[in-house]
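Residue-level structure breakdown
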Protein chains: 2
Amino acid sequence: MINPFDDTYFMRKALQEAEAAFEKGEIPVGAVIVVEDRIIARTHNLTELLNDVTAHAEMQAITSAANFLGGKYLNKCSLYVTLEPCQMCAGALYWSQISKIVYGTSDDQRGFKTMGTQLHPKTEVIGGILAKEASALMKRFFIEKRNLN
Amino acid sequence: MINPFDDTYFMRKALQEAEAAFEKGEIPVGAVIVVEDRIIARTHNLTELLNDVTAHAEMQAITSAANFLGGKYLNKCSLYVTLEPCQMCAGALYWSQISKIVYGTSDDQRGFKTMGTQLHPKTEVIGGILAKEASALMKRFFIEKRNLN
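As the structure is a prediction and not an experimental result, all values here were calculated from the model.

Overview of the packing of helix H2 (residues 57-69) of chain B against helix H3 (residues 87-96) of chain B
Residues and elements named next belong to chain B.
- Contact pair H2 / H3: the axes reach a minimum separation of 9 Å and the direction vectors enclose 20°. Our classification of the angle between H2 and H3 gives roughly parallel. As H2 runs across H3, the sense of the crossing is left-handed. For the pair formed by H2 and H3, the contact residues are Glu-58, Met-59 and Ile-62 on the first element and Met-88, Cys-89, Ala-92 and Leu-93 on the second.

Shown next as structure tokens:
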């Protein structure tokens, strides 16, 4: 039997979060954290609303998941995020010892791969899941923003 | 006339924060953020108490300073922190565009210099201010912790 809870399923949930960010005028990035096919954190970028550069979707997801679990290590968790994490978020994921990171579209300018940020040696990384959808949402955001200014 | 508000003065305030962390059983790292010789944020590591790997002193200081200023960029601010920032904190400081980072003791294992994390090109960095004091506090913490376990 096919498991319906595959990486695409959870990335779609992260994309819904990115759309929620879009609606608030935030750069549309969304994330979910999953344990045993169960979503324990759903977050989206809130840097503008909170006036806080640390309020990336991933950072909030890490805090939220740790609260849910009652422990700070996420070594049984998977993160789904629509955009490749930045240095800050990858650095936080390093400390969290997260088991798996799945991201949508790449960030060739400020993503952790370009920046050379180190993840925990036990963290598996998969990129490119629903990348087209995540990228299209980002592009639409920046086009609309440009037209409004 | 000598300005009493030099880097050592503010690092002493950061060290007081590190001591407050120590008293709570947290790895003793403290930080303050300063604008025009005025402290606008005082924080210390709370990762154990909050069960949250993102609760480093610097992360809280960035959030706190941005709240105080009502804006997310800290390009007129200086951060004083007793330990060299890690990847996550350096990544957050990159986004904040902070003007100056002054740290105490180096972290040759997980500090941003070893890890190769990029700061904002306009950020000035000074290391080694009250390094001996910050390092002694860290060593005392880990010796006491070892003896208790």
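Back to the text.
A short note on the relation of the copies chain B and chain A
- Of the transformation superimposing chain B on chain A, the axial component is 0.0 Å and the angular component is 180°, with the fit at an RMSD of 0.0 Å. In short, the pair behaves as if placed about a two-fold rotation axis. Every residue of chain B has its C-alpha some distance from the rotation axis, and the shortest such distance is that of Met-88 of chain B, at 2.0 Å.
- An overlap of 100% is found between the interface residues of chain B and their copies at the interface of chain A, pointing to a shared contact surface.

Describing the environment of Gln-87 of chain B
- By the secondary structure assignment, Gln-87 of chain B is in helix H3.
- Here Gln-87 of chain B falls in the buried class, since its relative accessible area comes to 2%.
- Note: C-alpha distance between Gln-87 of chain B and Met-59 of chain B (28 residues apart in sequence) is 11 Å.
- When residues no more than four places from it in sequence are discounted, the contact partners of Gln-87 of chain B are Gln-87, Met-88, Gly-91, Tyr-94, Thr-117 and Gln-118 of chain A together with Arg-110, Met-115 and Thr-117 of chain B.
- Looking at Gln-87 of chain B, its side chain comes within polar contact range of the main-chain nitrogen of Gln-118 of chain A, at 2.7 Å.

Points about the pattern of salt bridges
- Taken as a whole, this structure holds six salt bridges over all chains when the rule is applied.
- Where Glu-48 of chain A meets Lys-72 of chain B, a salt bridge forms, and the shortest distance between an N and an O atom there is 2.7 Å. In this pair, Glu-48 of chain A sits in the loop between strand E2 (38-44) and helix H2 (57-69) while Lys-72 of chain B sits in the loop between H2 and strand E3 (78-83), so the two residues belong to two different chains.
- Take Glu-48 of chain A: its relative accessible area is 41%, and that puts it in the partly exposed class.
- Of the charged contacts, one joins Arg-140 of chain B and Glu-144 of chain B as a salt bridge, the two residues approaching to 3.9 Å between their closest N and O atoms. Placement of both Arg-140 of chain B and Glu-144 of chain B in helix H5 (residues 131-148) is noted, with a separation of four residues, approximately one turn of the helix.
- Judged by its relative accessible area of 42%, Arg-140 of chain B is partly exposed.

Structural notes on the UniProt feature "domain: CMP/dCMP-type deaminase" (unreviewed entry) in chain A
- The positions UniProt marks with the feature "domain: CMP/dCMP-type deaminase" (unreviewed entry) are residues 5-115 of chain A.
- Secondary structure content for residues 5-115 of chain A is 40% helix and 23% strand, and the end C-alpha separation is 31 Å.

Cut-off values and rules
Residues numbered from 1 in each chain as written. Chains lettered and ligands numbered in written order. Predicted model: local features only at pLDDT ≥ 70, side-chain atom pairs only at ≥ 80, totals over all residues. Heavy atoms only, no water. Axes fitted to C-alpha atoms, helices over the stretch in contact; angles between N-to-C directions. Helix = DSSP H or I, 4+ residues; strand = E, 2+ residues; numbered from the N terminus. Parallel < 35°, antiparallel > 145°, perpendicular 65-115°, else oblique. Left-handed = near helix turned anticlockwise from the far one by under 90°. Contact = heavy atoms within 4.5 Å. Least-squares fit on C-alpha atoms with pLDDT ≥ 70 in both. Buried < 20%, exposed > 50% of the residue type's maximum accessible area, 1.4 Å probe, protein only. Polar contact = N/O pair within 3.5 Å; in protein donor to acceptor, adjacent residues only side chain to side chain. Salt bridge = Lys/Arg side-chain N within 4 Å of Asp/Glu carboxyl O. UniProt positions renumbered as here; feature names shortened; annotations may be inferred.

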